[in-house]
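# Secondary and tertiary structure notes
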Amino acid sequence: MKSIKIINTVKEMQKHSDLMIRQGKSIALIPTMGFLHEGHLSLMQEGARHADHLVVSIFVNPTQFGQGEDLEAYPKNFNRDMELCKKEGVDVIFKPDTPELYPENFQTYITLENLPNHLCGLSRPVHFKGVATIVTKLFNIVKPDIAIFGQKDFQQLAVIKQMVSDLHMPVKVIGAPIIREADGLAMSSRNTYLTPEKRSAALSLLESLNNAKQLIKDGVTDSNIIIKKATDIVKSHGDTKIDYISICDPETLENVRNIKKPVLMAMAVKVGKTRLIDNIILIP
Ligand code: AMP
C-alpha cells in the first residue's frame with residue numbers, strides 16, 4: 001500500500017498542490033466531514049478514475065451548521081477514516097482545524113440568490129452559505145482540477161455547480177450516485193445516531209420514493225397525489241417529523257405541480273433527533 005500524507009495547514013496544502021501541478025499531475029478533491037462510509041469511498045473511486053492525485057478533505061465545517069444542530073455531536077473516527085483512505089489509494093488527507101480555516105478576523109462568505117431558497121435551505125437558512133464558503137476555500141487551498149460530490153446532497157451539488165459556473169472557477173464538478181445500505185437506507189455518517197427501531201422508521205424515506213416511482217409508472221402526473229402518499233407512508237411510522245417532501249425542477253429546484261418531464265423528488269425527515277435526506281429522479 002502506498003503511503004498517505006496528512007496535511008493540517010493551508011500553507012502546506014497549497015505548497016503540495018503547487019508541486020503536483022508543476023509535476024503535471026491532475027488533482028481530484030473529495031470534500032467530506034469524516035466518519036467515512038461507502039458513499040464517501042465511491043466518490044474517491046470516481047476521483048481516482050479522473051485524476052492522478054487524490055485529495056480527501058476531512059473538516060466538520062462549523063459555518064454550515066445552524067444553532068441547535070449536531071455540530072458538537074458530529075461523529076468522528078480519524079484513525080478509521082485514515083485506514084479507509086489508505087485502502088482507496090488516497091494520496092493526501094487535508095485535515096485542518098477550525099482556527100486554521102476560520103481565524104478570528106474571518107469575514108468573507110459566498111451566498112447564492114435562489115437555489116438556497118428551497119428544500120433544505122428553508123429549514124437550514126445558513127447551511128448553503130457555509131457550504132459555498134467552505135467549498136470555495138477548499139478549491140483555493142487544494143487547487144483541484146475536479147471535485148466529486150454525492151447526489152445524495154442534491155441541493156448541495158446544484159449550489160456548487162451554480163457557484164462554479166457563476167464565479168468561473170476552474171474546477172470540473174462531478175456528481176456521483178447515492179450509495180445505500182443493504183436495506184436501502186441512503187448511507188450517511190448520521191445513520192450512526194439511529195437505534196434499531198428508529199432505523200426501520202428511517203426506511204420510510206426510500207419506501208416513499210419507491211412508491212412515487214410506482215405511481216409515476218402507473219401514469220400519475222399530479223405531484224400533490226404523490227406527495228400526499230409519501231406523507232402518509234412517513235407518518236405511519238412513529239417518531240418521524242417531515243421537514244419537507246418536494247417534487248421540483250432538478251435545475252431550479254422550483255416546485256413542479258404537473259409532472260411532464262423528469263423531476264427531482266427530495267425529502268428530509270427527522271427520525272427521532274436524526275435528520276435524514278434522500279431523493280430520486282422521477283421520469284414520467
Ligand atoms: P459529508 O461527509 O456527509 O459532508 O459528505 C461528503 C460527500 O459525500 C458529499 O459530497 C456527500 O454528498 C457525499 N455522500 C454522503 N453520503 C453519500 C451516499 N450515501 N452516497 C453517495 N455520496 C454520499
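Along each chain, the written sequence defines residue order, and numbers are assigned to residues from 1. Two thresholds apply to this predicted model, a pLDDT of at least 70 for residue-level local features and 80 or more for giving and counting side-chain atom pairs, whereas whole-chain, interface and lining totals are computed over all residues. Side-chain numbers here rest on the full set of heavy atoms in the structure, without hydrogens or water.

## Some remarks on the pattern of salt bridges
When a carboxyl oxygen of Asp or Glu lies within 4 Å of a side-chain nitrogen of Lys or Arg, that pair is called a salt bridge. For the coordinates displayed, the defined rule picks out twelve salt bridges. Among the ionic pairs, Arg124 bridges to Glu69, the shortest N-O distance being 2.6 Å. Taken as a pair, Arg124 in the loop between helix 5 (119–123) and helix 6 (127–142) and Glu69 in the loop between strand 3 (53–58) and helix 3 (78–87) lie far apart in primary sequence, 55 residues in all. Of the charged contacts in the structure, one is a salt bridge between Lys261 and Asp249, with a shortest N-O distance of 3.8 Å. Residue Lys261 is located in the loop between strand 7 (240–248) and strand 8 (263–271), and its partner Asp249 is located in the loop between strand 7 and strand 8; the two are separated by twelve residues in the primary sequence. What makes Asp249 buried here is its relative accessible area of 17%. Runs of H or I in DSSP of at least four residues are treated as helices and runs of E of at least two as strands, each being numbered from the N terminus. The classification of residues rests on relative accessible area computed with a 1.4 Å probe and restricted to protein chains. Under 20% of the type maximum is buried, over 50% is exposed, and intermediate values are partly exposed.

## Side note on the nonpolar core
Put simply, a nonpolar core is a bunch of buried Ala, Val, Leu, Ile, Met, Phe, Trp, Tyr and Cys residues held in one set by side-chain atoms that sit within 4.5 Å of each other. Among the nonpolar cores identified, the biggest contains 45 residues, and Phe94 and Phe139 are the most heavily contacted of them. Examining the composition of this core, we find that nine residues originate from one element, helix 6, more than from any other. Grouped together as the second largest cluster of nonpolar side chains are 25 residues, Ile216, Val234, Leu276 and Leu282 included.

## Thoughts on the site of the ligand
Taken together, the neighbourhood of the ligand is formed by 17 residues, with His40, Gly150, Asp153, Ile179 and Met187 sitting nearest. A distance of 2.9 Å is found between an oxygen atom of the ligand and a backbone nitrogen or oxygen belonging to Met33. Identification of polar contacts relies on pairs of N or O atoms within 3.5 Å, with a donor-acceptor requirement for protein atoms, meaning one able to donate a hydrogen and the other able to accept it, and with residues adjacent in sequence counted only if both atoms are side-chain atoms. In this structure, Asp153 approaches the ligand through a side-chain N or O atom, which is 2.6 Å from an oxygen atom. The protein chains shown are the only cover counted for residues, whose accessible areas, like all others here, come from Shrake-Rupley with a 1.4 Å probe. Burial of the ligand by the surrounding chains reaches 93%, relative to a free accessible area of 480 Å². Each residue is assigned to one of three groups, with Ala, Val, Leu, Ile, Met, Phe, Trp, Tyr, Cys and Pro labelled nonpolar, Asp, Glu, Lys and Arg labelled charged, and all others, Gly among them, labelled polar. Here the shell around the ligand is built from residues that sort into nine nonpolar, six polar and two charged. We define proximity as follows: a residue is near a molecule or strand when any one of its heavy atoms falls within 4 Å of that partner.

## Digging into the packing of helix 9 (residues 204–217) against helix 10 (residues 223–235)
Only C-alpha atoms enter the line fits that serve as axes; for helices the fit covers just the stretch in contact. Angles between N-to-C directions range over 0 to 180 degrees. Orientation of helix 9 relative to helix 10, taken along the N-to-C sense of each, is 150 degrees, at an axis distance of 9 Å. As far as their axial angle goes, helix 10 and helix 9 are roughly antiparallel. The two elements helix 9 and helix 10 cross, and the hand of that crossing is right-handed. Every residue of helix 10 that contacts helix 9 at Ser204, Glu207, Ser208, Asn211, Ala212, Leu215 and Ile216 is listed here: Ile226, Lys229, Ala230, Ile233 and Val234. Per-class residue counts for the contact of helix 9 with helix 10 are seven nonpolar, three polar and two charged. Each angle is binned into one of four classes, with values under 35 degrees roughly parallel, values over 145 roughly antiparallel, values of 65 to 115 roughly perpendicular, and all other values oblique. Note on convention: near helix rotated counterclockwise from far helix by under a right angle means a left-handed crossing. Clockwise means right-handed. In what follows, a contact means two residues having at least one pair of non-hydrogen atoms within 4.5 Å.

## Comments concerning the packing of aromatic side chains
Two rings belonging to Phe, Tyr or Trp (six-membered ring only in the last case) form a pair when the distance between their centres is within 6.5 Å. Interplanar angles under 30 degrees mark stacking, angles over 60 mark edge-to-face geometry, and anything in between is tilted. What the rule picks out here adds up to four aromatic pairs. Ring centres 4.9 Å apart and planes at 85 degrees place the aromatic pair Tyr102 and Phe106 in the edge-to-face group. Owing to a relative accessible area of 24%, Phe106 belongs among the partly exposed residues under this scheme. Taken together, a centroid distance of 5.3 Å and an interplanar angle of 90 degrees make the contact between Phe106 and Tyr109 edge-to-face. Through a chain of ring-to-ring contacts, the aromatic side chains of Phe59, Tyr102, Phe106 and Tyr109 assemble into a single cluster. Geometrically, a lysine NZ or arginine CZ counts as sitting over a ring once it is within 6 Å of the ring centre and also within 35 degrees of the ring normal. The cationic tip of Lys95 hangs over the ring face of Phe78; the distance from NZ or CZ to the ring centre is 5.0 Å.

## Looking at unusual backbone geometry
In this structure, His168 takes a positive phi of about 55 degrees despite not being glycine. Relative to the helices and strands, His168 resides in the loop between helix 7 (154–166) and strand 6 (172–176). The exposed category is assigned to His168, whose relative accessible area is 68%. A positive phi angle, close to 60 degrees, is found at Asp239, a residue other than glycine. Of note, Asp239 is situated in the loop between helix 10 and strand 7.

## A closer look at the state of the cysteines
Linking two cysteines covalently through their sulfur atoms gives a disulfide. Note on terminology: pairs of cysteine sulfur atoms within 2.5 Å are recorded as disulfides. Following the criterion strictly, the structure yields zero disulfides and no others. Just so you know, Cys120 is unpaired, no disulfide at all, and the nearest cysteine sulfur is the one on Cys248, 11 Å from it.

## Description of the sheet that holds strand 4 (residues 92–94)
Within a sheet, adjacent strands bond to each other through the backbone by hydrogen bonds, running parallel or antiparallel. Taken in spatial order, the six strands of this open sheet run 1-4-3-2-5-6, and their pairing is parallel. The two strands at the open ends of the sheet, each matched to only one other strand, are strand 1 (5–7) and strand 6. The sheet shows a mean angle of 25 degrees between the axes of neighbouring strands, taken without regard to direction. As judged from the five bridges shared by strand 5 (residues 146–150) and strand 6, these two strands associate in the parallel manner. Among the inter-strand pairings, Ile146 is bridged to a residue of strand 6, identified as Lys172. Two strands form a pair only when DSSP identifies at least two bridges running between them.

## A short note on helix 1 (residues 10–22)
Between its first and last C-alpha, helix 1 extends 18 Å over 13 residues, near the 18 Å set by a 1.5 Å rise per residue. For helix 1, the full list of buried residues reads Val10, Met13, His16, Ser17 and Met20. In a view along the axis of helix 1, the buried residues occupy a sector of 130 degrees, so they form one face of it. Exposed residues lying more than 90 degrees from the buried face of helix 1 are Lys11, Lys15 and Arg22. Buried residues belonging to helix 1 abut strand 1, strand 2 (27–32), strand 3, strand 4, helix 4 (98–101) and helix 6. After helix 1 finishes, the residue Gly24 shows a positive phi value of roughly 80 degrees. An expected span of 1.5 Å times one less than the residue number is assigned to each helix. The arc in question is traced by the directions running from the helix axis to the C-beta atoms.

Everything listed is a geometric property; what it means functionally is a separate question.
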